[in-house]
There are 2 protein chains.
Amino acid sequence: MSMIDFTHDPAARCWVPGAQGHCDFPVQNLPLGMASIDGGASLGVTRIGDHVLSLPTIAGLMTGKAQEAARDAMGSLNDLAARGGDAMRDLRRQLFTLLTQEDHRERVEPHLHPVADAVMELPFRIGDYTDFYTGIHHAENIGRFFRPENPLLPNYKHVPIGYHGRASSVRVSGGDVIRPYGQTRPAEGEDMPGYGPSARLDYELEMGVWVGEGNALGQPVPIAGAGRHIAGISILNDWSVRDLQAWEYQPLGPFLAKNFHSTVSPWVVTMDALAPFRTAQPARAEGDPKPLPYLWDDADQGEGALAVTMEVLISTAAMRDAGHAPHRLSSGSMTAMYWTAAQMVAHHASNGCDLNPGDLLGTGTLSGKNETSWGSLMELSANGTKPIALPSGETRTFLEDGDEIVMRAFAEKEGCARIGFGECRGVIVGR
Amino acid sequence: MSMIDFTHDPAARCWVPGAQGHCDFPVQNLPLGMASIDGGASLGVTRIGDHVLSLPTIAGLMTGKAQEAARDAMGSLNDLAARGGDAMRDLRRQLFTLLTQEDHRERVEPHLHPVADAVMELPFRIGDYTDFYTGIHHAENIGRFFRPENPLLPNYKHVPIGYHGRASSVRVSGGDVIRPYGQTRPAEGEDMPGYGPSARLDYELEMGVWVGEGNALGQPVPIAGAGRHIAGISILNDWSVRDLQAWEYQPLGPFLAKNFHSTVSPWVVTMDALAPFRTAQPARAEGDPKPLPYLWDDADQGEGALAVTMEVLISTAAMRDAGHAPHRLSSGSMTAMYWTAAQMVAHHASNGCDLNPGDLLGTGTLSGKNETSWGSLMELSANGTKPIALPSGETRTFLEDGDEIVMRAFAEKEGCARIGFGECRGVIVGR
């Protein structure tokens with residue numbers, strides 16, 4: 001499934017000024033997004049260094065499937081992604097050629113725009129959003145609050161656990177996140193629940209997997225080839241309120257604790273761009289049960305994980321006033337996933353559920369083994385009992401109004417161009 | 001909020017042949033749906049007796065908001081419903097006038113089509129589907145399997161429990177329902193889970209509440225007036241597989257056990273049509289806690305429930321071969337709802353979650369107190385331990401391939417026209 005080709009050549013030179021050197025978006029990346037440029041209509045774009053390049057307006061410079069895909073990138077990336085993995089790979093290759101060969105420069109350059117002129121939008125019209133729970137160390141950390149002896153439930157290593165989230169409240173990076181109100185468990189000795197603004201607002205460091213080509217209702221997606229149904233990956237912040245969650249979630253799972261806002265980064269990094277960073281699955285331990293056949297692809301295993309570094313930073317209002325840079329709370333990796341993105345897709349469709357282009361599949365919070373890599377405040381503050389010190393002299397257990405959370409992700413290794421995801425930002429505001 | 005007007009007059013005479021007498025769709029009903037007539041494009045329609053009347057093609061006979069709403073009924077009812085409760089009431093009144101005054105007959109009649117010429121479609125483009133758990137007797141019946149002493153969890157009478165479902169796999173009445181495959185709990189003494197077609201496929205008798213006018217992210221919907229955000233109600237069969245559910249649902253709730261297929265009846269019966277059937281809430285007992293203020297509307301309470309009868313029938317392949325009529329499994333009522341449709345809307349948006357026109361809110365399974373009104377086979381067969389006898393001599397604990405489930409609903413009382421919902425059907429087939 002993985003294919004390394006000329007588009008991964010770390011020595012390739014791109015003629016776009018400023019697209020060389022240590023940046024998230026060298027020519028080997030070519031992520032997709034939706035943007036309004038200078039206030040215009042929503043167009044599909046790719047990013048190269050500090051510029052965006054609109055796809056429909058350069059479709060005439062391409063041929064075949066790539067041209068059709070580029071023409072489809074209007075309003076959302078749904079139609080483009082529906083064309084499937086082959087068309088997306090074709091698009092990548094032709095974009096790479098246009099941006100590395102000087103003789104195309106004259107015709108392409110007029111369609112490049114400084115990123116500052118582009119307002120990034122949600123990349124897809126999201127039909128359904130599903131959140132998985134593939135971060136095994138997170139599942140252990142949370143499980144330990146309830147079952148210290150036996151934090152993982154018996155199904156965890158057999159079933160890629162997931163649940164449905166809310167598609168309507170997914171927003172692109174950069175917006176305000178309004179602190180939700182809700183019910184909380186009755187205080188000791190009280191009969192009635194509390195009600196008011198959540199006092200335990202948290203982030204969750206996840207990655208979001210975008211579905212490309214879908215499947216018809218009743219037609220599962222075989223695990224071999226499930227990866228070809230993935231259009232790409234963004235950073236996902238699955239904002240959560242722990243006090244509402246604790247009171248509402250039995251017996252049917254999280255609801256209002258999660259659906260008030262979810263934030264995705266604007267750039268969809270393709271599986272092709274990430275191909276050099278496929279790696280073994282360290283989250284799967286010796287002696288773990290072999291997944292059932294519908295989840296097991298002999299050809300894929302051994303490189304099903306992605307070596308992508310993820311980090312989360314906080315910047316409080318006081319920190320910004322005092323000129324402090326954002327403070328890093330933790331840094332982890334996508335290798336914390338117990339189930340791969342392809343397994344998420346195959347499991348989701350295994351009962352016949354139809355996936356559609358633009359569906360969003362969250363990985364679940366990706367915490368590493370060590371505290372320095374835990375992906376939520378609930379874990380880092382030991383459920384609010386251990387305040388975290390910030391450079392401003394403030395402390396945090398959960399988020400306060402004015403706090404900004406910044407998530408970043410990137411893949412980097414010797415002999416490869418760096419592939420970055422950009423940022424996923426949100427500022428907490430009171431209602 | 002409730003308003004009885006001339007459109008509820010039981011003595012009103014409609015000039016459409018066959019629309020009088022005991023039927024689901026007298027002129028006092030005027031439900032909305034989407035249909036392809038004689039193979040044409042999807043048009044919004046209303047139903048009168050055994051005919052459908054297309055809305056966009058008679059928009060010219062209407063005025064003001066009703067005319068705009070009728071013109072919008074193309075492709076789906078979303079744009080029509082987005083216009084809100086006032087526009088929908090206006091549309092109802094003008095349709096009623098057109099269909100009861102003989103002098104309009106000549107101009108309207110060419111737009112009436114026999115229902116047999118119409119292929120009914122999903123009424124809305126569903127953005128998000130949420131399933132609630134408002135059926136208190138169902139919650140007790142299910143809870144009793146786990147906690148015989150104390151079946152209801154402590155949050156039940158404070159929080160309208162709900163969770164997100166899958167929008168993509170909702171289908172209109174009449175389609176095949178493909179039996180899902182999936183994992184089941186390891187057998188006694190085994191390490192590995194089972195895998196195969198579900199052996200415990202069940203229906204759930206619910207009603208589906210359609211959102212009309214939505215709300216912006218971060219802007220709750222006050223309980224007073226929440227009912228005006230409801231476009232109408234259909235029958236909902238929330239097909240479920242109990243064996244997959246038992247194994248997968250901890251800790252995040254149902255997932256593949258529910259998302260393989262959900263069926264709605266095609267007709268959206270408006271809250272205005274149901275106004276005469278508003279009634280007290282028998283599910284709420286003396287001494288129950290008063291809901292928190294965001295869920296309590298003094299003006300509304302006392303008539304927040306709907307006296308709608310619901311029934312579920314089965315027809316097996318052998319029954320059809322032997323000429324047996326469908327066999328009624330149970331009959332219950334929407335008064336089993338502990339939380340009203342308005343409370344579902346207000347709660348859902350209380351944290352700031354944005355609802356959109358065409359969102360579907362399931363009531364949850366509506367079982368009554370007595371066994372004759374239980375809304376699932378899991379309840380009727382005591383979790384598969386008590387086979388149900390059918391007129392063909394067969395028995396059922398759960399559904400077998402070839403079984404058809406038919407759900408019906410209607411409101412009826414002295415001095416009112418009968419308001420029917422039609423049928424919600426689905427046949428189980430193997431993969």
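Criteria and thresholds
Residues numbered from 1 in each chain as written. Chains lettered and ligands numbered in written order. Predicted model: local features only at pLDDT ≥ 70, side-chain atom pairs only at ≥ 80, totals over all residues. Heavy atoms only, no water. Helix = DSSP H or I, 4+ residues; strand = E, 2+ residues; numbered from the N terminus. Rg over C-alpha atoms; globule rule 2.2 N^0.38 Å. Contact = heavy atoms within 4.5 Å. Lys, Arg positive; Asp, Glu negative; His and termini not counted. Charge placed at Lys NZ, Arg CZ, Asp CG, Glu CD. Pairing = 2+ DSSP bridges. Axes fitted to C-alpha atoms, helices over the stretch in contact; angles between N-to-C directions. Domains from an automatic or database assignment. Buried area = accessible area lost by both parts, 1.4 Å probe. Salt bridge = Lys/Arg side-chain N within 4 Å of Asp/Glu carboxyl O. Nonpolar A, V, L, I, M, F, W, Y, C, P; charged D, E, K, R; others polar. Buried < 20%, exposed > 50% of the residue type's maximum accessible area, 1.4 Å probe, protein only. Polar contact = N/O pair within 3.5 Å; in protein donor to acceptor, adjacent residues only side chain to side chain. Least-squares fit on C-alpha atoms with pLDDT ≥ 70 in both. UniProt positions renumbered as here; feature names shortened; annotations may be inferred. Parallel < 35°, antiparallel > 145°, perpendicular 65-115°, else oblique.

### Quick word on the overall build of chain A
Part 1 of the reasoning: Scanning chain A from terminus to terminus reveals 10 helices and 25 strands.
Part 2 of the reasoning: Against the globule reference of 22 Å for 431 residues, chain A gives a C-alpha radius of gyration of 21 Å, in line with a compact fold.
Part 3 of the reasoning: Projecting the C-alpha coordinates of chain A onto the three principal axes gives extents of approximately 75 × 55 × 40 Å.
Part 4 of the reasoning: Long-range contacts, defined as pairs at least 24 residues apart, comprise 74% of the intrachain contacts of chain A with a sequence gap of at least 6.
Part 5 of the reasoning: Averaging the locations of the 35 positively and 52 negatively charged side chains of chain A gives two centres separated by 2 Å.

### Thoughts on the sheet that holds strand E19 (residues 309–315) of chain B
Residue and element names in this part refer to chain B.
Part 1 of the reasoning: The strand order E9-E25-E24-E19-E20 describes an open sheet built from five strands, whose pairing is mixed. The open sheet has two edge strands, strand E9 (176–178) and strand E20 (327–333), and neither has a second partner. Recorded for the sheet is a direction-independent mean angle of 25 degrees between the axes of neighbouring strands.
Part 2 of the reasoning: Bridge analysis of E19 against E20 gives six bridges, and the strand direction is antiparallel. When the bridges of E20 are listed, leucine 313 appears paired with arginine 328.

### Here's the deal with the domain arrangement of chain A
Residue and element names in this part refer to chain A.
Part 1 of the reasoning: In terms of domain boundaries, chain A breaks down into domain 1 (6–121) and domain 2 (129–429).
Part 2 of the reasoning: Computed over C-alpha atoms, the centres of domain 1 and domain 2 are 28 Å apart.
Part 3 of the reasoning: Taken together, the two surfaces of domain 1 and domain 2 that pack against each other cover about 2200 Å², and 59% of this comes from carbon and sulfur.
Part 4 of the reasoning: On the domain 1 side of the contact with domain 2, His8, Asp24 and Met120 bury the most area, a combined 21% of that side's loss.
Part 5 of the reasoning: Here aspartate 24 makes a salt bridge to arginine 418, at a shortest N to O gap of 2.8 Å.
Part 6 of the reasoning: Counting residues per element, the ones that place at least two in the side of domain 1 that touches domain 2 are strand E1 (32–37), strand E2 (42–48), helix H2 (78–82), helix H3 (85–100) and strand E5 (118–121).
Part 7 of the reasoning: Looking at the side of domain 1 that touches domain 2, the element that brings in the most residues is H3, giving five residues.
Part 8 of the reasoning: The class makeup of the residues in the side of domain 1 that touches domain 2 is 13 nonpolar, nine polar and six charged.

### Overview of the pairing of E19 of chain B
Consecutive side chains of a regular strand alternate in pointing toward one face of the sheet and then the other.
Residue and element names in this part refer to chain B.
Part 1 of the reasoning: Taking burial as the measure, the seven residues of E19 include six buried ones, the bulk of the element.
Part 2 of the reasoning: Where E19 meets strand E24 (residues 404–411), seven bridges bridge the pair, whose relative direction is antiparallel. The partner of valine 312 across the bridge, within E24, is methionine 407.

### Here we look at the interface of chain B and chain A
One frequent convention defines the size of an interface as the accessible area lost when the parts assemble.
Part 1 of the reasoning: Between chain B and chain A, the contact holds 61 residues from the first and 61 residues from the second.
Part 2 of the reasoning: Interface area for chain B against chain A, summed over the two sides, is near 5400 Å², with a carbon-plus-sulfur share of 60%.
Part 3 of the reasoning: The interface formed by chain B and chain A holds 31 residue pairs in polar contact (both at pLDDT 80 or more) in total.
Part 4 of the reasoning: Secondary-structure elements contributing two or more residues to the side of chain B that touches chain A are strand E6 (129–132), strand E7 (162–164), strand E10 (181–184), strand E11 (194–197), helix H6 (242–248) and helix H9 (341–350) of chain B.
Part 5 of the reasoning: Its residues placed into classes, the side of chain B that touches chain A shows 30 nonpolar, 22 polar and nine charged.

### A look at the relation of the copies chain B and chain A
Look at the two chain copies: a rotation about an axis and a shift along it is all it takes to match them.
Part 1 of the reasoning: It takes a turn of 180 degrees to lay chain B on chain A, together with a shift of 0.0 Å along the axis; the resulting RMSD is 0.0 Å. Both copies are brought into coincidence by an operation consistent with a two-fold rotation axis. It is glycine 253 of chain B whose C-alpha, among those of chain B, lies nearest the rotation axis, at 2.3 Å.
Part 2 of the reasoning: Interface overlap between copies is the fraction of interface residues in one copy that are interface residues in the other; for chain B against chain A it reaches 100%, indicating a shared surface.

### As for the UniProt feature "active site" (unreviewed entry) in chain A
Residue and element names in this part refer to chain A.
Part 1 of the reasoning: In the numbering used here, UniProt assigns the feature "active site" (unreviewed entry) to His138.
Part 2 of the reasoning: Positionally, histidine 138 belongs in helix H5 (residues 136–146).
Part 3 of the reasoning: Taking relative accessible area as the criterion, histidine 138 reaches 3% and is therefore assigned buried.
Part 4 of the reasoning: The contacts of histidine 138, once residues within four sequence positions are left out, are Tyr133, Glu204, Thr365, Ser367, Ser376 and Glu379.

### Some details on the pattern of salt bridges
Part 1 of the reasoning: Across all of its chains, the model carries 56 salt bridges over all chains by this definition.
Part 2 of the reasoning: As a salt-bridge pair, aspartate 50 of chain B and arginine 47 of chain B come within 3.9 Å of each other at their nearest N and O atoms.
Part 3 of the reasoning: By sharing partners, the salt bridges in this structure join Glu311, Arg328, Glu404, Arg408, Glu423 and Arg425 of chain A into a single network.

### Looking at the side chain of serine 262 of chain A
Residues and elements named next belong to chain A.
Part 1 of the reasoning: Tracing the sequence through the fold places serine 262 in strand E16 (residues 262–264).
Part 2 of the reasoning: Exposure remark for serine 262: the relative accessible area of 2% places this residue in the buried category.
Part 3 of the reasoning: With residues near it in sequence (within four places) discarded, serine 262 still touches Tyr129, Ser169, Val170, Arg171, Leu236, Asn237, Asp238 and Trp239.

### Some remarks on the packing of helix H1 (residues 64–72) of chain A against H3 of chain A
Residues and elements named next belong to chain A.
Part 1 of the reasoning: The geometry of H1 relative to H3 is characterised by a closest axis approach of 8 Å and an angle of 95 degrees between their N-to-C directions. What the angle tells us is that H1 and H3 run roughly perpendicular. Contacts between H1 and H3 pair Lys65, Ala66, Ala69 and Ala70 from the former with Asp86, Ala87, Asp90, Leu91 and Gln94 from the latter.
Part 2 of the reasoning: The residue inventory of the contact of H1 with H3, partitioned by class, reads five nonpolar, one polar and three charged.

### Structural notes on unusual backbone geometry
Part 1 of the reasoning: A cis amide bond links glutamine 250 of chain A with the next residue in sequence, proline 251 of chain A, at an omega value of 5 degrees.
Part 2 of the reasoning: Structurally, proline 251 of chain A is set in the loop between helix H6 (242–248) and E16.
Part 3 of the reasoning: Located in the positive-phi region is leucine 30 of chain A, a residue other than glycine, with phi close to 50 degrees.
Part 4 of the reasoning: Among the structural elements, leucine 30 of chain A can be located in the segment before E1.
Part 5 of the reasoning: Of note in the backbone geometry, asparagine 383 of chain B takes a positive phi value of approximately 60 degrees without being a glycine.
Part 6 of the reasoning: Within the secondary structure layout, asparagine 383 of chain B lies in the loop between helix H10 (377–380) and strand E22 (388–389).

### Let's talk about the sheet that holds strand E4 (residues 112–114) of chain B
Residues and elements named next belong to chain B.
Part 1 of the reasoning: Ordered by their spatial adjacency, five strands build an open sheet running E4-E3-E2-E1-E5, and the pairing between neighbours is antiparallel. Looking at strand neighbours, the two that pair on one side only are E4 and strand E5 (118–121), the edges of this open sheet. When the angles between neighbouring strand axes are averaged without regard to direction, this sheet yields 50 degrees.
Part 2 of the reasoning: Sheet analysis places strand E1 (residues 32–37) next to strand E2 (residues 42–48), joined by five bridges and oriented antiparallel. Counterpart to leucine 32 in the pairing with E2 is threonine 46.

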